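Reading the structure
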Number of protein chains: 2
Amino acid sequence: MAVTLADVAARARVSTATVSRVLNGNYPVAESTRARVLRAVTDLEYVVNGPASALAAATSDLVGILVNDIADPFFGVLASAVQSEVSGGSGMPTAGGAGTRTGDGSTRHYPGPPNQLVRTDEKLAVVCNTGGCPERELTYLTLLQRQRASAVVLTGGAVEDAVHAEAVAAALTRLAGAGTRVVLCGRPPVTSGVDGRRPEAGPAPQARATVEHSHAGTASHVAASAPQHMPSQHAPSQLVTLAFDNRGGARRLTEHLVSLGHRNIGYVAGPPGRTTTRHRLEGHRAALATHGIPDPAHRTVHGAYDRAAGYDATQELLRRDASLTAIVAANDTAALGVCAALRDRGLRIPGDVSVAGFDDLPFSADAAPALTTVRLPLQEAGARAGRLAMGREASPPGEVATIRGELMVRASTSVPYS
Amino acid sequence: MAVTLADVAARARVSTATVSRVLNGNYPVAESTRARVLRAVTDLEYVVNGPASALAAATSDLVGILVNDIADPFFGVLASAVQSEVSGGSGMPTAGGAGTRTGDGSTRHYPGPPNQLVRTDEKLAVVCNTGGCPERELTYLTLLQRQRASAVVLTGGAVEDAVHAEAVAAALTRLAGAGTRVVLCGRPPVTSGVDGRRPEAGPAPQARATVEHSHAGTASHVAASAPQHMPSQHAPSQLVTLAFDNRGGARRLTEHLVSLGHRNIGYVAGPPGRTTTRHRLEGHRAALATHGIPDPAHRTVHGAYDRAAGYDATQELLRRDASLTAIVAANDTAALGVCAALRDRGLRIPGDVSVAGFDDLPFSADAAPALTTVRLPLQEAGARAGRLAMGREASPPGEVATIRGELMVRASTSVPYS
DNA sequence: CTGTTAGCGCTTTCAT
DNA sequence: ATGAAAGCGCTAACAG
C-alpha cells in the first residue's frame, strides 16, 4: 500500500541498503547516489515506517513523559521544558537556552536529509497524562516499554502505596533493563522494597518508615541509608533521579511566617498518600516544632492540588479555628483557592490572614496580592531531565540530585494583625 | 534479549500463533490453553513488542495530540479531555462521564487478558508540543505518520501562512490516506489555498474573504475555489473538524461592553498570522461596526497569548490613548496581564477600566475581580474529539461542527466611570 | 562505495 | 481449536 524503502530503491536504481544509509546518514554514500535517492524520496513522498525500523533497530525514537495532570501548569511547564530539550532544543522561546543543538553528539556525520519526510536524529517526545492514577501510570509505563521507548521521564510526586510502589519499581527496572533510559523528575528516588516488602500491605499509613533522609544536616545531600534502586548489574546508570527538596522548601516557608510573628497557622495539604504532600507537610511541621509552636491536628486539612480544594479547605479551617492568622497551601493553585475563600468571607490578605503557596507558577506573581511562595526551578529541572533522557548530560553523583526551592517573599504575607 | 512471543509459546507448549490469539482475544481459543498461555505470560513478564506488532498489523495504538503550548492551561484542559477519552474513558475524575467504556464496539470478543502486561484494547494517547511553531507541527505530523498512529488530533488555531497551510494540508491528506483518523479541534477546517495563494501574503487582514461560512444558514461548505485536500477516494471521512466560533463569541463579548456604554475600547490581540487571533479580532470589530463605533488602528495591539504580552500591550494602549474605558484581551491569560498592568498604574477594575478575556480558563473565575469572558467548552470539545479519534462517535454532518462560546459576565466589566 | 542477505517479533492465512 | 509458514519494512553485517 504505502511507499516503501524498496520502492524508493527501485526508483533510485540502488539497493535498499543504500537508501537506508542515506536516510540515516550514518554511513558514507557517494554524493551523486545520495542526490538520486533523496530525489526519489521526495518524488514518492516516502515516509519511513517507524515500527519497521524500530523492529529492525530494536529501538524507537519515542521519549515518554509521564505527568499527573496535564491541565496543571506545574506539569505543563515541566513537560514543556523536557520536551523542548528532547526534540532538538528549539521549541518554545520560553525554553531559555535554545542553542543546545550546536555541540550535540548525534550520529549525523554526513550531510543530513533534506526535508521533513526523513530526519531521524530527532526524538518524538510525547507526554502521557496519568491523572494521578497509579494504574494508568503502570499502563503507560508498559505501553512505553511496548514501543521500546528510548527514554521515559516520570514527573511529579509518587503515590505512597507499598504495592504500587513495588509495581512501579518493577516496571522501571524492566524498562531500564530493556535499555530505556529512565529519569525521575520532581519525584523522590525509587526505593523499592524498602519498607518491609509486604506485597499485600495496602495503603499502609505506616509506610512512612523510611522517610527522614535528606534534610537532616542542612539540605541537598542525599541520605546514605537504605540502598537505593540497586542498578542490578545490567543498568549502568540507566535510572537517574532529580528530586525537589520539598521538605526544605516548606520548612523555610513556614519559618518565614513564624519569623513574622505568626503562631496560629493553618495548613492546606495535598492529597494524602503522596510523597510531595507528605514532604511538604513534614517541612511545615518541622519548622513549627523547631520554634516550639504547637500544631494541633485540626489545623491541617487535606485536599486535591487544585483551587477548589484550597477554597473548601479554607472554609473548613476557618470553621474549626477562627484564630488563624496565616494559611499555608501545599501549592500555588490551592493557595489561589484559599485567597478566594478568604475574600469571600470578607477577610483581607495579608491584613487579616497571610497566605503562602508553593511552586511559584507563572500566575503566582500576578495574583492579587502577589503570592509568597517557594520557587521551584521547573524550567531548569525539566530541561535537565530532558538532557539526561537524551544521554546528553552526565548523571549526578550517586544518580540522584536534589533541587532546592527558593523562598519568594511577596505581598500575601505580612506581620499578623497589621 | 527480551522475552518474545516465541518464549511464551515454548513455555506454554503451544505455537506462537496461539499465543498471539489469546493476547489479542480476537479468535477462539480453548479455555485451558488460554490459561496456560496467560500463565506463561505473567511468569515470563512478557511485554508485547509494539513495533513488531505494529509492523505486522500495519497499525499502532498510538494517538497523537498536537498542542501549541502545553504549559498553557487552554491546551492542557483540551489535551487532558482528549486523552482521557482515548485511553479508556477513565482518567481524571474531572472528565465527567466515565462509563463510556460499557457499550464500546471493540474487538474484544473473548475474555480479555489479565494484567497490565497485555491489554491491547487501549490506545496510547500522547501529546506533542509544537510550541506554535509551524515546522515542529509538520515534524510531529510526519513522526506520527512514521509510527503509523491510529489517529491524530490537532488542537488550537492554525498559522495563516499560505505555504505552511499547504504543507499541513498535504501532511493531513497523507495521514488520512494512510488510514490515520484526523481530528481538528478548536481549529478551523482545512481549506488549503483559500485566500489567494500568495505565499508571502503575511498577516493579510484582507484574508477574511472566505470566512463567513459554517454558521450562517448553509454552514460548512468549503470555499469552492482551489481544489481542496481532495479526500481522493480512499478517505471516507477520515478528517473531521470541531471548530470554535471565535468570531461569534468575540462579537457578543464586545457587544456586551458596548451595551454597558463603552465606546473607547482597547483590544489586546494575539500573535498576528493565526486564525484564532484573526477571528476574535474580526468579531470584536464586527461588534463595533454594527454599533457605528469607530475603531482607530491604534486601539489594537498584538502580542503573544500570555500574561506578559497582556501587561505590555496595556502599557502601550494606555500610552497611545488615555481615554480607554475598557480593554478586551484575546484570551484570559493575557487579560490577567492587562489587569496587572492596570493595577500597577493605580487604575481600578472595573471602576476606571473594564476588562474582558476569552476562554474562561479555570483561574478566570477566581481572578480579582472575577473575569468577564467567553466560555469555551474545552472539556466537552476535547472529549468529543477524543471519541471521534477513536471512531467511537459519528462525524458531524459535512465533517464540520462549530462549537459556540458562552458569554460569562462577571465582575471585571461594568458601566464606564462607575 | 554499494549490493546481498539474514533476520527483528508478530500477525495471519492456510492447513490440519 | 491449533500449528506451520509466509511475510510486514527496515537495518546491519558481510561481501564485493
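Note that the structure is a prediction, hence the values are computed from the model and not measured. (Residues numbered from 1 in each chain as written. Chains lettered and ligands numbered in written order. Predicted model: local features only at pLDDT ≥ 70, side-chain atom pairs only at ≥ 80, totals over all residues. Heavy atoms only, no water.)

Some remarks on the overall build of chain A
Worth spelling out the cut-off: Only DSSP runs of H or I covering at least 4 residues are called helices, and only runs of E covering at least 2 are called strands; the numbering of each starts at the N terminus. Each residue's exposure class comes from its accessible area (1.4 Å probe, protein chains only) as a fraction of the maximum for that residue type: buried when under 20%, exposed when over 50%, partly exposed otherwise. Whether two residues are in contact is decided by their heavy atoms: any pair within 4.5 Å suffices. Computed with the Shrake-Rupley method and a 1.4 Å probe, the accessible areas treat only the protein chains shown as cover for residues.
Helices and strands together make up the secondary structure of chain A, namely 12 helices and 12 strands. Out of the 418 residues belonging to chain A, those deemed buried represent 56%. Within chain A, residue pairs in contact and separated by at least 24 positions form 77% of the contacts whose partners lie at least 6 positions apart. Taken as a whole, chain A presents about 16,400 Å² of accessible surface, with 55% of it coming from carbon and sulfur.

A short note on the protein's contact with DNA strand D
Where we set the bar: A cutoff of 4 Å decides nearness: a residue is near a molecule or strand if any of its heavy atoms lies inside that distance of it. Within 3.5 Å is the distance limit for a polar contact, defined as a pair of N or O atoms, with the added protein rule that one can donate a hydrogen and the other accept it, and that residues adjacent in sequence qualify only through two side-chain atoms. Each residue receives one of three labels: charged for Asp, Glu, Lys and Arg, nonpolar for Ala, Val, Leu, Ile, Met, Phe, Trp, Tyr, Cys and Pro, and polar for the others, Gly being one of them.
Taken together, 25 residues lie around DNA strand D, and Leu-5 and Tyr-46 of chain A together with Arg-21, Ala-30 and Thr-33 of chain B are the ones closest in. Residue Ser-15 of chain B places a main-chain N or O atom 2.8 Å away from a phosphate oxygen belonging to DNA strand D. Note that a phosphate oxygen of DNA strand D is positioned 2.8 Å from one of the side-chain N or O atoms of Thr-18 of chain B. For the surface near DNA strand D, the secondary-structure elements that each account for two or more residues are helix H2 (16-24) and helix H4 (50-57) of chain A together with helix H2 (16-24) and helix H4 (50-57) of chain B. Per-class residue counts for the surface near DNA strand D are 14 nonpolar, eight polar and three charged.

Topic: the UniProt feature "domain: HTH lacI-type" (unreviewed entry) in chain A
Cut-off, in case you're wondering: UniProt positions are given in the numbering used here, feature names are shortened, and annotations may be inferred rather than shown by experiment.
Per the UniProt annotation, the sites labelled "domain: HTH lacI-type" (unreviewed entry) are residues 3-57 of chain A. Taken end to end, residues 3-57 of chain A is 71% helix and 0% strand, and its first and last C-alpha atoms sit 20 Å apart.

Some details on the sheet that holds strand E8 (residues 326-329) of chain B
Residues and elements named next belong to chain B. Applicable threshold: By this definition, two strands are paired if DSSP reports at least two bridges between them. The axes used here are C-alpha line fits, helices contributing only the stretch in contact, and every angle between their N-to-C directions lies in the interval 0 to 180 degrees.
What the four strands build is an open sheet, ordered E7-E6-E8-E9; its pairing is parallel. One side of each edge strand has no neighbouring strand; the edge strands of this open sheet are strand E7 (300-302) and strand E9 (354-356). Going from strand to strand, the sheet's axes swing by 15 degrees on average, the running direction of each strand aside. Contacting strand E6 (265-269), E8 and E9, helix H8 (residues 246-260) runs over the sheet at an angle of about 175 degrees to E8. Its contacts with the sheet place helix H9 (residues 275-290) against E6 and E7, and it is angled at close to 170 degrees to E6.

Some remarks on the protein's contact with DNA strand C
Around DNA strand C, a shell composed of 25 residues is seen, among which Arg-21, Ala-30 and Thr-33 of chain A together with Leu-5 and Tyr-46 of chain B lie nearest. Here DNA strand C approaches the protein such that, of its atoms within 4 Å, sugar and phosphate make up 58%. One nitrogen or oxygen atom from the main chain of Ser-15 of chain A is found 2.9 Å from a phosphate oxygen belonging to DNA strand C. Asn-24 of chain B has a polar side-chain atom sitting 3.4 Å from a phosphate oxygen of DNA strand C.

Quick notes on the relation of the copies chain B and chain A
This is how the line gets drawn: Least-squares superposition aligns the copies on the C-alpha atoms of those residues with pLDDT at or above 70 in both.
Take chain B, turn it by 180 degrees, move it 0.0 Å along the axis, and it overlays chain A with an RMSD of 0.1 Å. Such a combination of turn and shift is consistent with a two-fold rotation axis. Taking C-alpha positions as the reference, the residue of chain B nearest the rotation axis is Pro-51 of chain B, at 2.0 Å. Of all interface residues in chain B, 97% are interface residues in chain A too; the two copies therefore contact each other through one and the same surface.

Some details on the nonpolar core
Taken as a class, soluble globular proteins show a tendency for nonpolar side chains to be buried jointly. Where we set the bar: The nonpolar core is taken to be a set of buried Ala, Val, Leu, Ile, Met, Phe, Trp, Tyr and Cys residues, with the residues joined through side-chain atoms within 4.5 Å.
Core analysis: the largest hydrophobic core is formed by 142 residues, its most contacted members being Leu-141 and Leu-172 of chain A together with Leu-141 and Leu-172 of chain B. Apart from residues lying up to four places away in sequence, Leu-172 of chain B is in contact with Leu-141, Leu-154, Val-182, Leu-184 and Val-190 of chain B.

Describing helix H5 (residues 73-86) of chain B
For the record, the criterion: An expected span of 1.5 Å times one less than the residue number is assigned to each helix.
Counted at 1.5 Å a residue, the expected span for H5 of chain B with its 14 residues is 20 Å, and the 19 Å between its end C-alpha atoms agrees. Of all the 14 residues making up H5 of chain B, 14 are buried; the element is thus mostly covered by neighbouring parts of the structure.

As for the pairing of strand E3 (residues 151-155) of chain A
Residues and elements named next belong to chain A. Summarising burial for E3: five of the five residues are buried, a large majority. What you see with E3 is no split at all: Ala-151, Val-153 and Thr-155 on one side and Val-152 and Leu-154 on the other are buried throughout. The pairing of strand E1 (residues 62-67) with E3 spans four bridges and is parallel. Note that in E3 the partner of Leu-66 across the bridge is Leu-154.

Let's talk about the packing of aromatic side chains
Residue and element names in this part refer to chain A. In plain terms, the rule: In this analysis, rings of Phe, Tyr and Trp, with Trp reduced to its six-membered ring, are considered paired at centre separations within 6.5 Å, and the interplanar angle assigns stacked below 30 degrees, edge-to-face beyond 60, and tilted for intermediate values. Two conditions define a charge located above a ring, namely a distance within 6 Å from the ring centre to NZ of Lys or CZ of Arg, and an angle within 35 degrees of the ring normal.
Applying the stated criterion to the full structure yields two aromatic pairs over all chains. Note on Phe-74 and Phe-75: the rings are 4.9 Å apart at their centroids and 80 degrees apart in plane angle, and the pair reads as edge-to-face. Over the ring of Phe-358 we find Arg-280; its NZ or CZ atom is 3.9 Å from the centre of that ring.

A closer look at the interface of chain B and chain A
Short version of the rule: For any pair of parts, buried area is found by adding up, for both, the accessible area (1.4 Å probe) each one loses once the two are put together. Salt bridge, as used here, is a side-chain nitrogen of Lys or Arg placed within 4 Å of a carboxyl oxygen of Asp or Glu.
Contacts between chain B and chain A engage 59 residues on the former and 57 residues on the latter. Note on chain B versus chain A: buried area summed over both sides is about 5,300 Å², and carbon and sulfur give 58% of it. Linking chain B to chain A there are two salt bridges. One salt bridge connects Arg-146 of chain A with Asp-61 of chain B, and the closest N-O pair in it is separated by 3.7 Å.

As for the packing of helix H10 (residues 307-320) of chain B against helix H11 (residues 332-344) of chain B
Residues and elements named next belong to chain B. Our working rule: Oblique is the label for any angle not under 35 degrees, not over 145, and not in the 65 to 115 range, which are roughly parallel, roughly antiparallel and roughly perpendicular in turn. Left-handed describes a crossing in which the near helix is turned anticlockwise from the far one by less than a right angle; the clockwise case is right-handed.
At a closest axis distance of 6 Å, the pairing of H10 and H11 adopts a crossing angle of 50 degrees. Relative to H11, the element H10 is oriented oblique. Crossing handedness for the pair H10 and H11: right-handed. Between H10 and H11, the residues in contact are Arg-307, Gly-310, Tyr-311, Thr-314 and Leu-318 and Thr-333, Ala-334, Leu-336, Gly-337, Val-338, Ala-340, Ala-341, Leu-342 and Asp-344, respectively. Residues that form the contact of H10 with H11 fall into these classes: eight nonpolar, four polar and two charged.

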